Amino acid sequence: MVNNLLVQLKDGVCAMKSKHEQIIEHIHSLDVGHKISVRQIAKDLHVSDGTAYRAIKDAENKGLVSTIERVGTIRIEQKKKDNFEQLTFAELINIVEGHVLGGREGLHKTLNKFVIGAMQLEDMMRYTEADALLIVGNRTKAHELAIKEGAAVLITGGFDTTEDIKRLADERKLPIISTSYDTFTVAAMINRAIYDQLIKKEIVLVEDIYTPYEKAFYLKEGNKVEDWYALNNYSKHTRFPVVDDRRRVLGIVTSKDVVGKSNDTSISKVMSKQPKTVQTNISLASVAHLMVWEGIEVIPVTDEQNHLQGIISRQDVLKALQQNQRQPQIGETIDDIVSRNIVESESEPGVFETKVAPQMTNQLGTLSSGVCTALMTEASRRLLLQDKKGDLVAENLTIYFIKPVQIDSTLRIKPKLLEIGRVYAKIDIEVYEEQQLASKGLLMAQLMNR
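Residues numbered from 1 in each chain as written. Predicted model: local features only at pLDDT ≥ 70, side-chain atom pairs only at ≥ 80, totals over all residues. Heavy atoms only, no water.

Q: I would appreciate a short explanation of the sheet that holds strand β15 (residues 272-273) in the present structure.
A: As summarised here, the arrangement of the four strands in space is β12-β13-β14-β15, forming an open sheet in which the pairing is mixed. Of all the strands in the sheet, just β12 (219-220) and β15 have a single pairing partner and so form its edges. Here two bridges tie β12 to strand β13 (residues 240-243), and the two strands are oriented parallel to one another. By the bridge assignment for β13, L219 is matched with V242. Its contacts with the sheet put helix α11 (residues 225-235) on β12, β13 and β14 (249-253), and the angle it makes with β13 is roughly 140 degrees. (Pairing = 2+ DSSP bridges. Helix = DSSP H or I, 4+ residues; strand = E, 2+ residues; numbered from the N terminus. Contact = heavy atoms within 4.5 Å. Axes fitted to C-alpha atoms, helices over the stretch in contact; angles between N-to-C directions.)

Q: Any chance you could explain the packing of aromatic side chains here in plain terms?
A: Summed over all chains, the structure comprises four aromatic pairs. Ring geometry for F217 versus Y234: centroids 6.1 Å apart, planes at 70 degrees, classification edge-to-face. Placement of F217 in the loop between β11 (211-212) and β12 and of Y234 in helix α11 is noted, with a sequence separation of 17 residues between them. Overall, F217 belongs to the buried group, its relative accessible area being 18%. Where W228 meets F240, the ring centres are 6.2 Å apart and the plane angle is 70 degrees; that geometry is what we call edge-to-face. Residue W228 is found in helix α11, and its partner F240 is found in strand β13; the two are separated by twelve residues along the sequence. On the basis of relative accessibility, which here comes to 0%, the residue F240 falls in the buried class. Connected via pairs of aromatic rings, a cluster forms that spans W228, Y229 and F240. (Phe/Tyr/Trp six-rings, centres within 6.5 Å; stacked < 30°, edge-to-face > 60°. Buried < 20%, exposed > 50% of the residue type's maximum accessible area, 1.4 Å probe, protein only.)

Q: Which parts of the structure should I look at to understand the sheet that holds strand β8 (residues 132-136)?
A: The strands making up a sheet associate through backbone hydrogen bonding, with each pair oriented either parallel or antiparallel. Taking strand neighbours across the sheet as the criterion, the five strands line up as β5-β10-β9-β8-β7 in an open arrangement whose pairing is mixed. For this open sheet the edge positions go to β5 (99-102) and β7 (113-116), each flanked by a neighbour on one side alone. With strand direction ignored, the average angle separating the axes of adjacent strands in the sheet is 25 degrees.

Q: Can you walk me through the packing of helix α3 (residues 38-45) against helix α4 (residues 49-61) in this structure?
A: Helix packing geometry: the angle between the two helix axes and the distance between the axes. In the contact formed by α3 and α4, the axes pass within 8 Å of each other and the chain directions differ by 115 degrees. Two packed elements cross with a definite hand, and for α3 against α4 that hand is right-handed. Counting all contacts with α3, which are made through V38, R39, I41 and A42, the residues of α4 involved are D49, A52, Y53 and I56. Across the contact of α3 with α4, the residue classes tally to six nonpolar, no polar and two charged. (Left-handed = near helix turned anticlockwise from the far one by under 90°. Nonpolar A, V, L, I, M, F, W, Y, C, P; charged D, E, K, R; others polar.)

As C-alpha cells, then:
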C-alpha cells in the first residue's frame, strides 16, 4: 500500500507545461553569453510579448540572465554562493555605469583580481595576468598588452580605445569596458560591491535549508484519509502539502484535519485551503517571523506559479538560526556593529552598556532612530537568553525619544521583563545617557523555543 502510494506521489506531474515554464527551460538551454530579447523569445516560442517579458524578468531574478545598458539581456552563468567575492564583467558594468567597447562574448566571465594601472608599463604588466582586470586610463598600449595577457580592461575617464584593440578583444572574448569615473572612484566602487556581497553571503535564505520536492512528502487532492495514515506511518510526519496534477499547492493537511474522519474521505474535503507559502529567495528571518506569528510548523515552498518546490519546517529554521549565530563574521551591518558594541554592565547585572560609534549616528551626528531600535531589541534578546527563555522575534516596538544622543556618548540600556508567557513576552526598556533618560520603549515579542 505504502509503496504504491509513494510511486503515485513521486511520479511525474502532467507533461503539459505552462508557457512561462517553457520559456524558462528554453533560457536554461541557451549557451552562456547568448543574447536574448523579448521579441525573439516571443517569435521562437510562439508566445505574446507580455508573456516573454514576464518570463525574462523572472529569469533575471533567478540569476539566469543579466540586462546590461547599451548591451541588452544576455544569458549568464548562475553564481554559486561560495563564490560571492568574485564578480562577473556583466555585473561590473552595472557597478561602474560603464559600456562595452569590445569583447561582449566574455561578459559572463569572472574577474579574479583587478590591477590599477598607475605605474610604468613594464611594471603594470608584471601584475597583469589571465582573468584579471586592468583599470587604466587613456593608455592604448596598456590596453593591447593586457588583452594579449588574457586580462579584461576597464578604461576610466570616459576614454575610448583603437579599433584594432576592439577587434583583438572580440577575438579573445575579453571585455573592454569604458566608464566616466576616475580610477580611484572605480576601485572604491568595486571594493564596495565585493563587501556588500560578502554581507549578503551571510544572509540565510529558504533555498539554503528547505527540503526539496524530490525528498519531500505530499498528498494529491484525489488521495483519501487512508493515504494520509499510510504516508504518516511511512514518514513519521504529520503535516503534508496537498497538490493538484500540475503540482500546484492547494492546501495543507495535518493530524487535526483527519482525526475522526472515515478512511474513504477525500483529502480535498478535510485539508486547510490557501495555506501560507514562501519562495526560495525569502530570508530565514522572514520565515521565522511568519512561523511564530501564524503558529505554523511546516510551510510549503513554491515558485511564482505556486508549484510545489519543497517544504520548510520549524526545526529547519531553528537549526539554521543556531548555526548562523556560530558563523564567522565577514562583513558588518549596522546590527552587527550594535551587537558587537553592547556589553553587560559589571556593576549592574541585566543592564547593558554601549558607546555611540560614528556608524550609529544620523546626518546630524546624533544617535539614529533605527540604531536605537536595534539597541533596545538586542538588549531585550540578551535579557531573555540570560533567563533561558529563548530567542525572540520582535512583533511591536513603541519608542519615545526624550533627548538627542551625541556621538561618542556612553549609553546604559535597562530592559525589564514585565510579562512573559509560553510564546510571548512584554519588555520595558529605558536608555540612559549618563544619569538622564534619553529614550524609552515597550517591546512586544514572540518567543522562538525548541
